[in-house]
Amino acid sequence: MTKNWQLDEEYLSYVSELLETPEVKKLANYKQHIHSNRLEHSISVSYNSYLWAKKWHVNAKACARAGLLHDLFYYDWHTTKFDEGSHAYMHPRIACKNAEKITELSDLERDIIIKHMWGATVALPKYKESYIVTFVDKYCAIKESMEPMTNRLKKGFKKKSTSQSI
């Protein structure tokens, strides 16, 4: 899970009201990428996108807010199927509708949420911020899925290097 986001006052000024809503809190009840829940994942995407947006001098507030809301849906995506399209196509639209029920979204935030599955879907993001959240989402998903394995590998390397230096 992402560290230090709770200490970043600017970041919190953008997302604290959203984090307090029952709709966002409820995301903690849904498994996301094997070893994380949907709230942990959303916070990771949100905070890391915010940091990249600041670094690249684009709209960090929109990245923080839309990153937090990009997966605002309440079903198990492993088992729920849709007639209208795949999960990759449907969940951004569901998340956007759910987000609009709890906050007003800018056109930029709407594009970020709806297009965050670009690559798995064909609609190109319209803004730099949408690309940031898209790529950070993929990075976080891989990291969350692989974290236990990478931690075991790190421990194994530490043990091996310690035993060889004696």
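Check the entry above for the structure.
Reference entry: report on the structure contained in this document. (Residues numbered from 1 in each chain as written. Predicted model: local features only at pLDDT ≥ 70, side-chain atom pairs only at ≥ 80, totals over all residues. Heavy atoms only, no water.)

1. Here's the deal with the overall build of the chain
Okay, step 1: Check the secondary structure of the chain and you find seven helices and zero strands.
Okay, step 2: Here the chain, with 166 residues, has 43% of them falling under the buried criterion.
Okay, step 3: A total accessible area of about 9,700 Å² is found for the chain, and carbon and sulfur atoms account for 57% of it. (Helix = DSSP H or I, 4+ residues; strand = E, 2+ residues; numbered from the N terminus. Buried < 20%, exposed > 50% of the residue type's maximum accessible area, 1.4 Å probe, protein only. Areas by Shrake-Rupley, 256 points an atom, 1.4 Å probe, with all protein chains shown as cover.)

2. Re the pattern of salt bridges
Okay, step 1: Tallying each qualifying case throughout the model produces seven salt bridges.
Okay, step 2: Across the salt bridge formed by glutamate 20 and lysine 25, the nearest N and O atoms sit 3.6 Å from each other.
Okay, step 3: What makes glutamate 20 exposed here is its relative accessible area of 55%.
Okay, step 4: Here arginine 110 ties to aspartate 107 by a salt bridge, and the two come within 2.9 Å at their closest N and O atoms. (Salt bridge = Lys/Arg side-chain N within 4 Å of Asp/Glu carboxyl O.)

3. Focus on the environment of valine 122
Okay, step 1: Within the element layout of this structure, valine 122 appears in the loop between α6 (107-115) and α7 (128-165).
Okay, step 2: Valine 122 sits 33 residues away from tyrosine 89 along the chain, and the two C-alpha atoms are 9.2 Å apart.

4. Concerning the nonpolar core
Okay, step 1: With 32 residues, the main nonpolar core has Tyr11, Leu19, Leu69 and Ile113 as its most contacted residues.
Okay, step 2: Contributing elements (two or more residues each) for this core: α1 (9-19), α3 (38-55), α4 (60-69), α5 (87-102), α6 and α7.
Okay, step 3: The residues touching leucine 69, leaving out its near neighbours within four places in the chain, are Leu18, Val24, Ala95, Ala99, Ile102, Thr103, Leu105 and Ile113. (Core = buried A, V, L, I, M, F, W, Y, C linked by side-chain atoms within 4.5 Å. Contact = heavy atoms within 4.5 Å.)

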